Amino acid sequence: MEKICVAVRVRPPTPDSSSKNASSLWKVEDNRISLDTPLLGASYSFDHVFDEMSRNACVYELLTKDIIHAAVEGFNGTVFAYGQTSSGKTFTMTGSETDPGIIRRSVRDVFERIRMISDREFLIRVSYMEIYNEEINDLLAVENQRLQIHEHWECGVFVDGLREEIVHDAEQILKLLDFGEVNRHFGETNMNVHSSRSHTIFRMVIESRGKGNSSTDAIRVSVLNLVDLAGSERIAKTGAGGVRLTEGKYINKSLMTLGNVINKLSENTKIRGHIPYRDSKLTRILQPALGGNAKTCIICTIAPEEYHIEESKGTLQFASRAKSITNCAQVNEILTDAALLKRLKLEIEELRMKLQGSHAEVLEQEILKLSNERLKYELECERLKTQLEEERRKQREQEQCIKDQQLKIENLNSLVTNLDFKKNHSEDFLNFRKTQDDSCIVNNNINVPRTPCFKSPTRSFVVARLNYSGLPDFNDLADEDTWSRLNKGFVQHRDKFQFTPTVRSQPIPLATATMECSHEDHKEVEKLKSQIDLLTNEKDSLQVKFNEQVAMNNKLSELKQKMLHMQEIPKRLYESVANCNDVYKDVIVAMKSVMSEKESPRAKLFFDATETTTSLLSTLQSQFSMIMDGQKTGSGEHCLSDQWETLRVNLKKTTTSLLSDAQGKDEILNCHNKDQETAALEEKLKCELSIIKERCNDAIMDGTMEMEGELVTADGELDLQEALNVPVGAITRAKTKRLRETFIRIIKKMNRKIIFEDPSKIWICISAKEITSGDWALNFTQVELSTAKNEDETLVDRGLGRKSLWLTD
Ligand SMILES: Nc1ncnc2c1ncn2[C@@H]1O[C@H](COP(=O)(O)OP(=O)(O)OP(=O)(O)O)[C@@H](O)[C@H]1O
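Residues numbered from 1 in each chain as written. Predicted model: local features only at pLDDT ≥ 70, side-chain atom pairs only at ≥ 80, totals over all residues. Heavy atoms only, no water.

The biggest cluster of nonpolar side chains holds 46 residues, and the ones touching the most others in it are Val8, Ile33, Phe46, Leu258, Leu290 and Ile298. When residues in this core are grouped by element, the largest group, six residues, is from helix H7 (residues 242-266). If sequence neighbours within four positions are ignored, valine 8 has contacts with Ile33, Phe46, His48, Val49, Phe50, Cys300, Ile302, Leu316 and Ala319. Formed by 39 residues, the second largest nonpolar core is a distinct cluster that contains Ala7, Ala71, Ala170 and Leu174. (Core = buried A, V, L, I, M, F, W, Y, C linked by side-chain atoms within 4.5 Å. Buried < 20%, exposed > 50% of the residue type's maximum accessible area, 1.4 Å probe, protein only. Helix = DSSP H or I, 4+ residues; strand = E, 2+ residues; numbered from the N terminus. Contact = heavy atoms within 4.5 Å.)

This is the structure in structure tokens:
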């Protein structure tokens, strides 16, 4: 276990910044850096601190050289530059013509180092990629875009389809680097005219084995990553917009994940939980370098200007946390059976020697070895724990997704049932699912894992490696990928073989279902909206109808009130008639008492009249009583009318008789007072009766009483006898002159002939009313002709009946 190496480099001030302020801001002393003001004097110490005067050569010598040499020996190595934009990362990693950066220096150094090792032969492959907007692009093969990251139990995390070129010398690599630089994303911002808009990873895979005794020696495989990160940036300062803004967001997001990983790794192993390597492609690729099997160096660059002080402080804090990360770097070896045998023999020999030596020394060695083993297993446990957590999280998400989908499907089913389009929906759904399943099958075939493409001719060492019999045979990988199988030092777990890409290519029906349901949901929502609109309209019209109904109910209750009031009328009439009756009885008693000759004709006439009156009043009472009980009174009305007429005739006769008789006159004179009383009573009675009659007529008009009558629609000659069902008479008179004229006009207009057969009787038209245009309703009364005095006078002679006649034009 060893701590990773962390260094800070301060770049020189830019020409446009105030050099006076900049140079005095940060103070570098040995391995310490602090703000050059006593008040703000936070001080940081690192493995190395390079001031603005330092050159790349110095940085390489002090920081990177050991890692490069270790890589040639078989250790994984990673060097990366971290810092805000324009702080000098690219300058440190790539450098300039006059001062080449770490990458170029490393390339040359690797080959120099190889040249110095005479007992081993080497195979070197290089790749160059960038992570731009969270997508991996191959800088050596422009067509390889959006590459995917996969994980192999033995070769660890790898980028599927990334081109690897086998190289023979440094110059070849430098040419490839130049080629890759052209494809790299740069852009101009306010902070840097040549700002890296992507993270770049230049990777060398160094394989070696002992010369001569190839069957017994192990093969060493190491991976060297040289990383130039894009710089964190404040949008306000860079003035980024559009594409630059998007790039900036991706850059900041991935750097934040890197910071989170560093934070977690800097915590105590016992309390730190899940390490979010998978949150960004950058941290996934750098996973072995951060707390894994690699020698790692981080160069944190800062800008000296006061303008950047906050960002510089942030970078220093990042560097401080990174200091506490420990890695466990080991030589990565692939052993053949023969090599393993040889190795074991050597170990036995070694142990035997140790046993012969001091006991304490042996134990110490053993303890060291065991502690190394323990750390190795701890790391492995950590990795497995992370993996397990990840799997559990995915499972939870899937379960949640399934629940959501089930809920949606249930809701949709009920909706579909209600709206009666289940059948169509089901067919569409099945068709859609079928299409999706088919496309999944096709995708399966497409998504087979790709293998790296080797264009350069193999050298003898490669040929020898391909023929290497001791290697396990992996059907999932092409021969060209053998290198990755051999890269076992790059991962920690070697017990099982799993091929992640095949798992990835499984169709995921849930995702399909989600899309499908979302689409269906949308349709559903649209339909429901239109239904809601319809229902709202319907509700409004019902509301209007309801209001109308309420108004009608109010009117109805008013009418009911009126009707109740009207129903009271017959009762009141009944009471009035009863009162009249009582009064009349008193009158009769009084009259009888004054009547001297009970048997005289006058008395007889009088008694007749009183009888008729009594009978009339009784009839009226019974009529009103019947009305009150809700019975029909049609025939009663006829009887009433007859009695009324009889009474009138009787009274008339009595009066005439009294007037014509002299004796009667004296008697009347004697009883003047009493006669006056009787006349007043008679007048009152007449009055009462006419009111009653009027009310009766009203009641008839209201439908509470019926009058006898006939409707005649005359065709051709009017047959009155038949129409009126009376003995043949004559219609020559009316109650008034005006009425008669109206009557005759109607008759003439209708071109009717009037027949006079019995001159002793006459039909008198008592009313004529035009119901509608051309329809006339006529009322007749039949009287004896002899009693009629003249045409214009109202005839009150003995009534013989009354008929209604309707004449239609
Ligand atoms: N140590 C140095 N000596 C001289 N010039 C330097 C040094 N460091 C950086 N520069 C200059 O500063 C400018 C910005 O540097 P550089 O492009 O390397 O920054 P960067 O951190 O990579 O920025 P970005 O993240 O935007 O890509 C360049 O012009 C570069 O030449």
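Reading across from one edge, S3-S4-S5 is the order of the three strands in this open sheet, with antiparallel pairing throughout. Across the chains shown, the open sheet's two edge strands, defined by having one partner strand only, are strand S3 (26-29) and strand S5 (43-45). Averaged over all adjacent pairs, the angle separating strand axes in this sheet is 20°, with direction ignored. Pairing between S3 and strand S4 (residues 32-35): four bridges, direction antiparallel. Each bridged residue has a counterpart across the sheet, and for valine 28 the counterpart in S4 is isoleucine 33. Sheet strands touched by helix H9 (residues 309-323): S3, S4 and S5. Its angle to S5, the strand with the most contacts, is close to 40°. (Pairing = 2+ DSSP bridges. Axes fitted to C-alpha atoms, helices over the stretch in contact; angles between N-to-C directions.)

All chains considered together, the criterion is met by 24 salt bridges. Residues arginine 278 and glutamate 151 are paired through a salt bridge, measuring 3.0 Å at the closest nitrogen-oxygen approach. Taken as a pair, arginine 278 in the loop between H7 and helix H8 (281-285) and glutamate 151 in strand S10 (residues 148-152) lie far apart in primary sequence, 127 residues in all. Judged by its relative accessible area of 17%, glutamate 151 falls in the buried class. Linked through salt bridges whose partners overlap, the residues forming this network are Glu151, Arg278, Arg284, Glu380 and Arg383. (Salt bridge = Lys/Arg side-chain N within 4 Å of Asp/Glu carboxyl O.)

Attention now moves to the packing of H7 against H9. Across the interface, H7 lies against H9 with an axial gap of 8 Å and an inter-helix angle of 40°. By the criterion of interaxial angle, the relationship of H7 to H9 is oblique. Where H7 crosses over H9, the handedness of that crossing is left-handed. Residue-level contacts link Leu258, Gly259, Ile262, Asn263 and Ser266 of H7 to Phe318, Arg321 and Ala322 of H9. (Parallel < 35°, antiparallel > 145°, perpendicular 65-115°, else oblique. Left-handed = near helix turned anticlockwise from the far one by under 90°.)

A residue-level look at the protein chain finds 62% of positions with pLDDT of 70 or above and a mean pLDDT of 72. Taken as a whole, residues 436-459 scores under 50 in pLDDT and shows 37 contacts with residues more than four places along the chain or in a different chain. Scored below 50 in pLDDT, residues 702-735 shows 102 contacts in the model against residues more than four places distant or in partner chains. (pLDDT = per-residue confidence, 0-100.)

All right, on to unusual backbone geometry then. Phi is positive for glutamate 134, close to 65°, though the residue is something other than glycine. Position of glutamate 134 relative to the elements: it lies in the loop between strand S8 (120-132) and strand S9 (135-138).

With numbering aligned to this structure, UniProt lists the feature "binding site: ATP" (unreviewed entry) at Gly83, Gln84, Thr85, Ser86, Ser87, Gly88, Lys89 and Thr90. Mapped onto the elements, glycine 83 comes out in strand S7 (residues 77-83). You can call glycine 83 buried: its relative accessible area is 2%. Aside from chain neighbours lying at most four places away, what touches glycine 83 is Lys89, Ala230, Gly231, Ser232, Thr301 and Thr315. Here glutamine 84 lies in the loop between S7 and helix H3 (89-93). Once you skip the residues sitting within four places of it in the chain, glutamine 84 turns out to touch Lys89, Met191, Gly231, Ser232, Thr301, Ala303, His308, Glu311, Ser312 and Thr315. (UniProt positions renumbered as here; feature names shortened; annotations may be inferred.)

Now for the pairing of S8. Counting buried positions along S8 gives twelve out of 13 residues, so the element sits mostly inside the fold. In this structure, S8 lies alongside strand S12 (residues 165-167), joined through three bridges in antiparallel fashion. From the neighbouring strand, arginine 125 faces S12, where its bridge partner is isoleucine 166. Inspection of the sheet shows S8 paired to S9 by four bridges, in the antiparallel sense.

What follows covers a nonpolar patch on the surface. A cluster of nonpolar residues, Leu340, Leu344 and Ile348, forms a patch on the protein surface that exposes about 250 Å² of accessible area. As for its position among the elements, isoleucine 348 is in helix H10 (residues 337-356). (Patch = residues over 30% accessible without salt bridge, like charges linked within 9 Å, V, L, I, M, F, W, Y side chains within 5 Å. Areas by Shrake-Rupley, 256 points an atom, 1.4 Å probe, with all protein chains shown as cover.)

Turning our attention to the side chain of arginine 184. Examined against the element boundaries, arginine 184 turns out to sit in the loop between helix H5 (170-183) and strand S13 (186-187). Engagement of the side chain of arginine 184 in a polar contact is seen with the side chain of aspartate 228, the distance being 2.6 Å. In this structure arginine 184 touches Thr90, Thr94, Tyr128, Glu130, Leu139, Ser196, Ser198, Thr200 and Asp228, once residues within four positions along its chain are discounted. (Polar contact = N/O pair within 3.5 Å; in protein donor to acceptor, adjacent residues only side chain to side chain.)

Taken together, 15 residues sit near the ligand, with Thr85, Lys89, Thr90, Ser195 and Ser196 positioned nearest. Measuring from an oxygen atom of the ligand, one finds a backbone N or O atom of serine 86 at 2.8 Å. Glycine 231 is positioned such that a nitrogen or oxygen atom in its backbone is 3.1 Å from an oxygen atom of the ligand. Here the ligand loses 77% of its free accessible area of 620 Å² to cover by the protein chains. Of all the secondary-structure elements, those providing two or more residues to the shell around the ligand are H3 and strand S14 (195-196). Residue contributions to the shell around the ligand peak at three residues, all from H3. Classifying every residue of the shell around the ligand by side-chain character gives two nonpolar, ten polar and three charged. (Near = heavy atom within 4 Å. Nonpolar A, V, L, I, M, F, W, Y, C, P; charged D, E, K, R; others polar.)

With that settled, consider the packing of aromatic side chains. As enumerated under the stated definition, the model contains three aromatic pairs in all. The interplanar angle of 10° and the centroid separation of 3.7 Å between the aromatic rings of tyrosine 82 and phenylalanine 318 together place this pair among those described as stacked. Within this pair, whereas tyrosine 82 is found in strand S7, its partner phenylalanine 318 is found in helix H9, the two being separated by 236 residues in sequence. With respect to class, tyrosine 82 is no different from phenylalanine 318; both count as buried. Just above the ring of phenylalanine 46 sits the side chain of lysine 323; from NZ or CZ to the centre is 5.3 Å. (Phe/Tyr/Trp six-rings, centres within 6.5 Å; stacked < 30°, edge-to-face > 60°. Lys NZ or Arg CZ within 6 Å of the ring centre and 35° of its normal.)

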